[in-house]
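Structure assessment
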Amino acid sequence: MAIPQTEANRLLLISTLGNRDLTVDGQHIPQEHFRPSCETLLAELERDRPSVLSRLGAPILERVITWILDRHADPDYRPQLRIYLIASDQEDDRFRHSDTLPAARLLQAWLPDAFGKDSIERISLWRIDTNPADYDDAIRFYRLLIGQRAVPNPRDFAAIYLNPTGGTPALSFGLLTVLAPFFGERSIVLYLPARTLRPTPLDVGATYRQFEALNDAIRAIERYDFAHAAHLLRIAMAPLPLYAFAEVLAYRLAFDFRRALQRLEGTVIPASRGNLRQLARREQETLHRLLTDAEALEQAREPMPDRYPTLLVELYGSAWTAWEQERYADFLARVFRFEEALLRWAVEHCLNLPTGAERDDRGRPRSLPAFRSGIAADPEIAQHVADSPLDPERPPTRDLLRHLLKLPRLATDPVARTVRENSAVLDPLSQLRNRSIVAHGFAPVSREEIEQRCPDPLATLGQLVAAIGHDPSVHPLAASQEGLLNELRRT
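What you see is a predicted model, and the numbers here were worked out from it, not measured in a lab. (Residues numbered from 1 in each chain as written. Predicted model: local features only at pLDDT ≥ 70, side-chain atom pairs only at ≥ 80, totals over all residues. Heavy atoms only, no water.)

By the burial criterion, the buried members of helix α15 (residues 379-386) are Ile 381, His 384 and Val 385. End-on, the buried residues of α15 take up no more than an arc of 95°, which puts them together on one face. Facing away from the buried side of α15 by over 90 degrees, the exposed positions are Pro 379 and Ala 386. Contacts made by the buried residues of α15 are with α13 (328-351), α14 (369-377) and α16 (398-405). (Buried < 20%, exposed > 50% of the residue type's maximum accessible area, 1.4 Å probe, protein only. Helix = DSSP H or I, 4+ residues; strand = E, 2+ residues; numbered from the N terminus. Arc of directions from axis to C-beta. Contact = heavy atoms within 4.5 Å.)

Next up on the list: the pattern of salt bridges. For the structure on display, the rule yields 38 salt bridges. Asp 360 is the partner of Arg 364 in a salt bridge, and the nearest nitrogen-oxygen pair spans 3.0 Å. One continuous salt-bridge network, built from bridges that share partners, spans Arg 35, Glu 39, Asp 89, Arg 96, Asp 99, Arg 127 and Asp 129. (Salt bridge = Lys/Arg side-chain N within 4 Å of Asp/Glu carboxyl O.)

Before going further, it helps to spend a moment on the confidence of the model for the protein. Low pLDDT marks regions whose predicted coordinates should not be analysed in detail. Mean pLDDT over the protein: 93, with 98% of residues reaching 70 or higher. Note that pLDDT drops below 50 for residues 1-6; the model gives that stretch 9 contacts with residues more than four away or on any other chain. (pLDDT = per-residue confidence, 0-100.)

It is worth spelling out the packing of helix α12 (residues 308-324) against helix α20 (residues 457-466) at this point. It is the contact of α12 with α20, at a shortest axis distance of 11 Å, that shows an interaxial angle of 170°. With respect to α20, the element α12 is oriented roughly antiparallel. In this structure, α12 contributes Val 313, Tyr 316, Ala 319, Trp 320, Trp 323 and Glu 324 to the contact, and α20 contributes Pro 457, Leu 458, Leu 461, Gly 462 and Val 465. By residue class, the composition of the contact of α12 with α20 is 9 nonpolar, 1 polar and 1 charged. (Axes fitted to C-alpha atoms, helices over the stretch in contact; angles between N-to-C directions. Parallel < 35°, antiparallel > 145°, perpendicular 65-115°, else oblique. Nonpolar A, V, L, I, M, F, W, Y, C, P; charged D, E, K, R; others polar.)

Now for the packing of aromatic side chains. This structure, assessed with the given rule, holds 11 aromatic pairs. Between the aromatic rings of Tyr 84 and Trp 126, the centroid separation amounts to 4.6 Å while the plane-to-plane angle is 35°, which identifies the pairing as tilted. Here Tyr 84 is found in strand β5 (residues 80-88), whereas its partner Trp 126 is found in strand β6 (residues 120-128), with 42 residues between them in sequence. Site record: aromatic cluster; members linked through ring pairs are Tyr 316, Trp 320 and Phe 338. (Phe/Tyr/Trp six-rings, centres within 6.5 Å; stacked < 30°, edge-to-face > 60°.)

Shown next, in the form of structure tokens:
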């Protein structure tokens, strides 16, 4: 009965090949005669295969392969090992005497004979025809193999072993710096020290993966993608307070200020020292202010214009991040949340009218009593509202808030004018937002769709956030981002 070929028992070995990887009658072949001697043996192999194979040996590969097959021994699933040998075949006649391609062809015949065809699935050769001692040539060779898709798919194997013991230092270096990262977490680097019987597994692959994860985390932080950065920092085994701080900033981006504070005060601050501790303390103050302002506005029954600016700046940063990350539907959602909150702030700031809402005895939403009484108590405002189709009994809408800012006495008010003008610039996006997935439809949302209606929406938001005194060139999370990046660069 045939043994099933499943991923569970398929293994891959890629090995560099040097002049000490093949012996004849138990002896190494002198380097200056290496290629001619191997070519002579290849010719003899055609005439008397059993006799030639009985004379050959592979002191390094034999021990490596034995270790791999023993490690994956299973009574039900015999391991199937595919082997790739990296051999040189230089065009320069001055160096061809030491080339390993003829030796690789001898091993291609000898290894299945030594280990059995049931264990050796296939042996393939990768031929480098440039200088195998040149690091640039070696790296270019490996990259070309990947680019030409000559390298097998890592997902086809349960484990991948890389053996850089033989061959030139340049070929070994390329194996570790190009192929090991390509194969990823399934790759295991083996090294057979001199006069040892068993190879030593090295953590080269894990080290590269940690380094790559750390680099990817830094790039994610630069894009304000703190949730992804926190995940990558865990993979990179970064210190606890660093990846926990990234989680804090991810919660902050989600406006979950309470959880951000809990994570900061429960993990980051107790475990941090020096610059990181100072950074965490500043973040603590910011989060506390954001949380108390958000809760105050949630419960507000009177005008609270001083509670809006921190949250408006946070909304501006959130919209900025969505734009830069090309999440354009999310950007639209944030634009209109920002604009609505800014209109509320402007009305409370300019007219001292509360803009919240409540529910009546029957559960229906309506504007606050102080809003209605404030309008009724001011004849100019009352007449201005009465001249419109807008209902002041209902919770204040964007249209009503805009209309209030058009009050004649606010015609020259710099805040009201800035908010009116830039809110009008954003208005063409309203229909796109309402028809998109962040509202009521499936209309496409792309940068092109947005810029057709509003040529520079981020600049328009900048004009609005400047009305509350914030520099629009400063992202609200920039200081925390830079502080975290500085800490990571020191690790």
